[in-house]
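# Examination of the molecular architecture
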Amino acid sequence: ASPLPPPDLKTCSTAHKSKTTEVQYSCCPPIPDDWDSVPCYTLPSMTKLRIRQPAHAVDEEYIAKYQLATSRMKELDTKKPPVRPDPPVRPDPRSFKQQANIHCAYCNGAYKFGDKELQVHNSWNFFPFHRWYLYFYERILGSLIDDPTFALPYWNWDHPKGMRFPPMFDREGTSLYDERRNPHVRNGTVIDLGFFGDEVQINELQVMTNNLTLMYRQMVTNAPCPLLFFGAPYVLGNNVEAPGTIENIPHIPVHIWTGTVRCSTLPDGTSSFGEDMGNFYSAGLDPVFFCHHANVDRMWNEWKTLGGKRRNLVNPDWLKSEYFFYDENSNPYRVRVKDCLDTKKMGYDYAPMPTLWRNFKP
Ligand code: C2O
């Protein structure tokens, strides 16, 4: 391995939603004018931490703010450019679709190094890439409602109270709703954190108990040391997929459980590739993506408290890896893994919830 450089936006090309099917639109971000001298991001100073709350426990006032921020983000997609603008207008990198496209570009083959595709999943890039992704998404939302302490909610699927689809995302007609989901998210179904497509025929209490046992296994038993938790070192174009324990399960099952069933018919009449949550190219089009990933990110913090060798990696190739993002002022930056290891330094933390799975040693 060697440190991953930020992707070359100039060579960004078509993404694909399956091995043989291309994404019909471009997932590539606008290229900054000063592409050759994009600065490294330094964490801004802050006075008050953003506190991410469990999604099932937030109040109506919070929901209203989150809805407003998200609808403003969506409005940035529909701003009409003047007729034949000169120079041509570029999309606003803070817009909802541009934010979703970040995931598409980094995960569905739009970026290449030589002839190798960049992929931020199935390796040690998973946790730091998504942490930075949510970091900017959260700051953009906050800036759109002038609230510097706005924080994303987290889908607390590791606690029985959070093992259903978070209700705030299931209100039709709001900016947090997405019609491209599996209908079972609507009926108060308890999520099976090991879901890979088969509906289980056991009662809710059993599903919850299984989930807690699964969490213990992925956080404690199977992840006694850093590489097992974070995933294998990333080599460009590496075809060896070695995700960390939590990335593999329950992170992927939550995606599959939420998205539409593959090969079913989508609302627009086309055939499903798992949209939205069940495919990397479209996952960010469902606002719940960021709520799911907030809990994934929280698991990183929790894991480090479990003792033994459960510490951040110290491998310089990991620490020096970089990604590219636009911030809440549409300024482009390169961000480094070594700057995202402490969420408090990044300006946010998680409201605590009991981690019952710690007591579910099988
Ligand atoms: Cu980048 Cu949950 O996937």
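Definitions and cut-offs
- Residues numbered from 1 in each chain as written.
- Predicted model: local features only at pLDDT ≥ 70, side-chain atom pairs only at ≥ 80, totals over all residues.
- UniProt positions renumbered as here; feature names shortened; annotations may be inferred.
- Helix = DSSP H or I, 4+ residues; strand = E, 2+ residues; numbered from the N terminus.
- Rg over C-alpha atoms; globule rule 2.2 N^0.38 Å.
- Buried ≥ 20, exposed ≤ 12 C-beta atoms within 10 Å, placed from the backbone.
- Contact = placed C-beta atoms within 7 Å.
- Axes fitted to C-alpha atoms, helices over the stretch in contact; angles between N-to-C directions.
- Parallel < 35°, antiparallel > 145°, perpendicular 65-115°, else oblique.
- Nonpolar A, V, L, I, M, F, W, Y, C, P; charged D, E, K, R; others polar.
- Expected span 1.5 Å × (residues − 1).
- Arc of directions from axis to C-beta.
- Core = buried A, V, L, I, M, F, W, Y, C linked by C-beta atoms within 7 Å.
- Pairing = 2+ DSSP bridges.
- Left-handed = near helix turned anticlockwise from the far one by under 90°.

- Per an unreviewed UniProt entry, the chain goes by catechol oxidase and derives from Datura stramonium.
- According to UniProt, the comment filed for the chain under the heading Cofactor (unreviewed entry) is "Cu(2+)".
- Recorded in UniProt under Sequence similarities (unreviewed entry), the annotation for the chain is "Belongs to the tyrosinase family."

### Re the overall build of the chain
- If you tally the helices and strands in the chain, you get nine helices and six strands.
- A compact globule built from 362 residues should have a C-alpha radius of gyration of about 21 Å, and the chain, at 20 Å, falls within 12% of that.
- Viewed in the frame of its principal axes, the chain has a C-alpha envelope of about 65 × 50 × 45 Å.
- When burial is assessed residue by residue, the chain has 43% of its 362 residues classed as buried.
- Of all intrachain contacts in the chain linking residues separated by at least 6 positions in sequence, the fraction that spans at least 24 positions is 71%.

### Side note on the packing of helix α1 (residues 60-78) against helix α3 (residues 126-144)
- Packing of α1 against α3 brings their axes to within 8 Å, and their N-to-C directions diverge by 95°. Here α3 runs roughly perpendicular to α1, going by the angle between their axes. Residues A69, T70, R72 and M73 of α1 pack against I140, L141 and L144 of α3.
- When the residues that make up the contact of α1 with α3 are grouped by side-chain class, the tally is five nonpolar, one polar and one charged.

### Some points on the UniProt feature "domain: Tyrosinase copper-binding" (unreviewed entry) in the chain
- UniProt tags residues 121-138 and 286-297 as "domain: Tyrosinase copper-binding" (unreviewed entry).
- The span residues 121-138 is 72% helix and 0% strand, and its two end C-alpha atoms sit 21 Å from each other.

### Considerations on α1
- For α1, built from 19 residues, the straight-helix expectation of 27 Å at 1.5 Å per residue is met to within 8% by its first-to-last C-alpha distance of 27 Å.
- Within the span of α1, buried status applies to Y66, A69, T70 and M73. With its buried residues spanning 90° around the axis, α1 presents them on a single face. Exposed residues pointing more than 90 degrees away from the buried face of α1 are listed as E60, E61 and T78.
- In the core, the buried residues of α1 are packed alongside α2 (96-107) and α3.

### What to know about the nonpolar core
- Ranked by size, the top nonpolar core spans 86 residues in total, and within it C104, A105, W132 and C291 carry the most contacts.
- If you tally residues by element for this core, the top one is α3, at 11 residues.
- Those residues within four positions of W132 in sequence are excluded, and the remaining contacts are Y323, F325, V335 and C340.

### Quick notes on the pairing of strand β5 (residues 332-336)
- Summarising the sheet, strand β4 (residues 322-326) and β5 pair through five bridges and their orientation is antiparallel. From the neighbouring strand, F325 faces β5, where its bridge partner is Y333.
- Connecting β4 to the antiparallel partner β5 that follows it, the hairpin turn spans five residues, and S330 within it adopts a positive phi of roughly 65°.

### Some words on the pairing of β4
- For β4, a buried count of five out of five residues is recorded, marking the element as mostly surrounded by other parts of the structure.
- Residues E322, F324 and Y326 line one face of β4 and the alternating positions Y323 and F325 line the opposite face, and both faces are buried.

### Overview of the environment of I63
- Of note, I63 is situated in helix α1.
- C-alpha separation for the pair I63 and L176, spaced 113 residues apart in sequence, amounts to 9.4 Å.
- In this view, I63 contacts V58 and M168; residues no more than four positions away in its chain are not counted.

### So, the packing of helix α6 (residues 245-258) against helix α8 (residues 288-303)
- One way to put it is that α6 packs onto α8 with a least axis distance of 11 Å and a crossing angle of 165°. Relative to α8, the element α6 lies roughly antiparallel. Crossing of α6 against α8: the hand is right-handed. Across the interface between the two elements, I246, H251, V254 and T258 from α6 touch V288, H292, V296 and M299 from α8.

### Examining the environment of K74
- Mapped onto the secondary structure, K74 falls in helix α1.
- Along the chain, K74 and G284 lie 210 residues apart, while their C-alpha atoms are 12 Å from each other.
- Residues in contact with K74, not counting those within four places in the same chain, are F96 and S175.

### Some points on α3
- In a regular helix each residue adds 1.5 Å, so 19 residues correspond to 27 Å; α3 covers 27 Å between its end C-alpha atoms and thus fits that length.
- Directly after α3, the chain includes D146, whose backbone phi takes a positive value near 50°.

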